[in-house]
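Examining the three-dimensional arrangement
If you want the building blocks of each chain, they are given just below.
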Amino acid sequence: MPKQIIANPSDYQLEKGVLQPVGRRLFLRYAGMTAATSALLLAGCDKDDDNKMTGVNLGSGDIGILNYAYALEQLEAAFYIQVIQSKYAGMTTAEEQILTDIRDHEVAHRDFFKAALGSNAIPGLEVDFSSIKFNDRASVLNAAKTFEDLGVSAYNGAGKLLVSADYLLLAGKIVSVEARHAAAIRSLLNPKSADFAGDDVVTAGNGLDVQRMPMEVLSAAKTYVKTQINADQLPTQ
Amino acid sequence: MNLFKLFNDIEKADPEVYDRLSSRRNAFRFGTKVALAAVPLAMGSMFRQAYGQSTSAIVDVLNYALTLEYLEDEFYINGLKAANLIPMADRTIFTQIGKHESAHVAFLKTAITSSGGKPVDKPAFDFTAKNSFPDVFSNYQTFLTLSQAFEDTGVRAYKGQAGALISNNDVLTAALQIHSVEARHASEVRRLRGQKGWITGNTGAPAAVYAGEENLTQGGVNVTTITQAPASAVGEAFDEPLTKEQVLGIASLFIVKQ
């Protein structure tokens, strides 16, 4: 009964065991997470906490990029699990089917990266969806659009950072599915329009989709992730 | 294409490049040597001259992509021109898709020329595939079927070439940026037909377009064994590549032999 298992919140809440204690979490949130303050934060913590205080480190090389993808897939999976758990008012059968499919795809992506990374995998991230109104269709679909477009741009930008052709192919297998999602969500928001591949994401002059480097993507994703993500060691070219 | 950036990138990637190109070194005004940095290799005729062979492999891939884009571009030009084919309500969608395919043709031609290659000529197309689809431009459902097939093939074709472009960051990134646009198109056209935006199993027509899409094994792992997502979703979650030979096998059905 895989469907039922997925629908069970406790299975897909990102692993509670790795969540940071509430006190420290609040401390981080209120203290701010800019580079300028990080030294201060470290100074104010027990030595044992250093790793946690600097957040999750994605690592370097191809592993770093895979962890980066894993982080994004965790975020997307957690979002759609929540969407299906607390459906917005008036969700049509067709919409529920699409959003359930997407949830299952993101869960498959997330679980694949976790397995592929093995002991190199970053822990489960703690998400923050407080800015999303899950009972409101427009809020949910606009957030979905943001996540999918961001995912597409992230994979498009990260392709060149990979050294292994095998990983590049895997990323390619996933990014086109994210693009399919993006188009479907955009079409739900504005049916029969050009938005599925709108000029806001596909440059009209050359027909190229958006691509973004990890720092830009992670900065955009920050609103939705409580866990601090350290991408300092990722390749940049 | 920003040629100045291109030259700058090449210079950063390979400080010796101007020695390799001694005959041309006076043709351009270059700044002093830039500190060595592992910057991505870039397209350009100078690049081709210095590293001929690897660039010709890249030009081959770009020309292959151009052939597919020619096919898509002409298909939508004809479709949008045909009277009473595309319903009014759907014209915005196909106008947008057609706009992208035309842009891809132009982009690839420029990229090929900049790489020192010569863009292939546009083949003559027969979208009826020797009368297999006689009503392609008079029956909207037939038109949609082929549109979906071309878009899904395009996604698989670009995916299949990513590895061949791994040595050239700029070309690789551009190819990925086209790849995801084709996927957006495919999703939209599929949904117009009442299909899912993603590919379930290997269902779809023509069959050659969907062969192998049922794969559940990624990176040597059967993904259904490590996730609670249902098997159908695991198959949908990963799009599969096609080889150049497989794609040309499909495209050749629509190309008039000279």
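Residues numbered from 1 in each chain as written. Chains lettered and ligands numbered in written order. Predicted model: local features only at pLDDT ≥ 70, side-chain atom pairs only at ≥ 80, totals over all residues. Heavy atoms only, no water.

1. Side note on the overall build of chain A
For chain A, the count of helices and strands is ten helices and two strands. Along the chain direction, N to C, the helices and strands of chain A fall in the order α-α-α-α-α-β-α-α-α-α-α-β. Residue pairs in contact within chain A that sit at least 24 positions apart in sequence constitute 78% of those at least 6 positions apart. (Helix = DSSP H or I, 4+ residues; strand = E, 2+ residues; numbered from the N terminus. Contact = heavy atoms within 4.5 Å.)

2. Focus: the overall build of chain B
When helices and strands are tallied, chain B shows nine helices and two strands. Helices (α) and strands (β) of chain B occur, in sequence order from the N terminus, as α-α-α-α-α-α-α-β-β-α-α. Across the 258 residues that make up chain B, the buried fraction comes to 52%. Relative to all contacts within chain B whose residues are 6 or more apart in sequence, the contacts with residues 24 or more apart total 73%. Of the roughly 10700 Å² that chain B leaves accessible, carbon and sulfur atoms contribute 55%. (Buried < 20%, exposed > 50% of the residue type's maximum accessible area, 1.4 Å probe, protein only. Areas by Shrake-Rupley, 256 points an atom, 1.4 Å probe, with all protein chains shown as cover.)

3. What about the environment of A:Leu58?
Residue and element names in this part refer to chain A. Along the chain, Leu58 turns up in the loop between β1 (56-57) and α6 (61-85). The class for Leu58 is buried, based on a relative accessible area of 1%. Separated by 172 residues in the primary sequence, Leu58 and Asn230 place their C-alpha atoms 6.2 Å from one another.

4. Some points on the packing of aromatic side chains
All names here are of chain B. For the structure on display, the rule yields 25 aromatic pairs over all chains. Among the aromatic side chains, those forming a connected cluster through ring pairs are Phe75, Tyr76, Phe94, Phe125, Phe127, Phe133, Phe137, Tyr140, Phe143, Phe150 and Phe254. It is Lys244 that lies over the ring of Tyr64; its NZ or CZ is 5.4 Å from the centre. (Phe/Tyr/Trp six-rings, centres within 6.5 Å; stacked < 30°, edge-to-face > 60°. Lys NZ or Arg CZ within 6 Å of the ring centre and 35° of its normal.)

5. Quick word on the nonpolar core
If you look at the biggest cluster of nonpolar residues, it comprises 128 residues, and the most contacted ones within it are A:Tyr68, A:Phe79, A:Leu99, A:Phe113, A:Phe129 and B:Phe94. When residues of this core are assigned to their parent elements, the largest contribution, 15 residues, is made by α6(A). In this structure, A:Leu99 is in contact with A:Tyr80, A:Val83, A:Ile84, A:Tyr88, A:Met91, A:Leu141 and A:Ile185, ignoring residues within four places of it in sequence. (Core = buried A, V, L, I, M, F, W, Y, C linked by side-chain atoms within 4.5 Å.)

6. Topic: the packing of α6(A) against helix α9 (residues 165-189) of chain A
Residue and element names in this part refer to chain A. Viewed as axis vectors pointing N to C, α6 and α9 meet at an angle of 25°, and their least axial separation amounts to 12 Å. In this view, α6 runs roughly parallel relative to α9, as classed from their interaxial angle. Crossing of α6 against α9: the hand is left-handed. Every residue of α9 that contacts α6 at Asp62, Leu66, Glu73, Glu76 and Tyr80 is listed here: Tyr167, Ile174, Glu178 and Ile185. In the contact of α6 with α9, the residues fall into five nonpolar, no polar and four charged. (Axes fitted to C-alpha atoms, helices over the stretch in contact; angles between N-to-C directions. Parallel < 35°, antiparallel > 145°, perpendicular 65-115°, else oblique. Left-handed = near helix turned anticlockwise from the far one by under 90°. Nonpolar A, V, L, I, M, F, W, Y, C, P; charged D, E, K, R; others polar.)

7. Brief notes about the packing of helix α8 (residues 137-158) of chain A against α9(A)
Residues and elements named next belong to chain A. For the pair α8 and α9, interaxial distance at closest approach is 8 Å and the crossing angle is 150°. The orientation of α8 with respect to α9, classified from their angle, is roughly antiparallel. In this structure, the crossing between α8 and α9 has a hand that is left-handed. Within the contact between the two elements, α8 uses Arg137, Leu141, Asn142, Ala144, Lys145, Glu148, Asp149, Val152, Tyr155 and Asn156 and α9 uses Ala171, Ile174, Val175, Glu178, Ala179, His181, Ala182, Ile185, Arg186, Leu188 and Leu189. By residue class, the composition of the contact of α8 with α9 is twelve nonpolar, three polar and six charged.

8. Considering the pattern of salt bridges
Counted under the stated rule, the structure contains 20 salt bridges over all chains. The salt bridge partner of A:Arg186 is A:Asp200, with a shortest N-O separation of 2.8 Å. Note that A:Arg186 is positioned in helix α9 and A:Asp200 in the loop between α9 and α10 (214-221), a separation of 14 residues in sequence. With a relative accessible area of 3%, A:Arg186 lands in the buried category. The class for A:Asp200 is exposed, based on a relative accessible area of 52%. Linked by salt bridges that have partners in common, A:Asp149, A:Arg186, A:Asp200, A:Asp209 and B:Arg184 make up one network. (Salt bridge = Lys/Arg side-chain N within 4 Å of Asp/Glu carboxyl O.)

9. Brief notes about helix α6 (residues 169-192) of chain B
Residue and element names in this part refer to chain B. For α6, with 24 residues, the first-to-last C-alpha span of 35 Å sits near the 34 Å given by 1.5 Å per residue. In terms of burial, α6 is a largely internal element, 21 of the 24 residues being buried. Trailing α6 by a residue or two, Gly194 shows a phi angle of about 80°, which is positive. (Expected span 1.5 Å × (residues − 1).)

10. What to know about the interface of chain B and chain A
The interface is formed by 60 residues belonging to chain B together with 64 residues belonging to chain A. With both chains or domains summed, chain B and chain A bury close to 4900 Å², and 62% of this area falls on carbon and sulfur atoms. At the boundary of chain B and chain A, one finds eight salt bridges. With a closest N to O distance of 2.8 Å, A:Lys173 and B:Glu240 form a salt bridge. Viewed at the interface, chain A and chain B are joined by 28 residue pairs in polar contact (both at pLDDT 80 or more). For the side of chain B that touches chain A, the secondary-structure elements that each account for two or more residues are α4 (91-114), α5 (140-161), α6 and α8 (231-237) of chain B. Top contributing element to the side of chain B that touches chain A by residue count: α6(B), with 19 residues. (Buried area = accessible area lost by both parts, 1.4 Å probe. Polar contact = N/O pair within 3.5 Å; in protein donor to acceptor, adjacent residues only side chain to side chain.)

11. Looking at helix α7 (residues 93-117) of chain A
The end-to-end C-alpha distance of α7(A) is 36 Å, a good match for the 36 Å that 25 residues give at a rise of 1.5 Å each. Burial analysis of α7(A) places 18 of its 25 residues in the buried class, which makes it a mostly covered element.

12. Considerations on the confidence of the model for chain B
All names here are of chain B. This prediction gives chain B a mean pLDDT of 84; 79% of its residues lie at or above 70. Segment residues 1-53: pLDDT under 50, and 87 contacts once partners within four positions in sequence are set aside and those in other chains are kept. Taken over the whole predicted complex, pTM reads 0.81, whereas the ipTM for its chain interfaces reads 0.81. (pLDDT = per-residue confidence, 0-100.)

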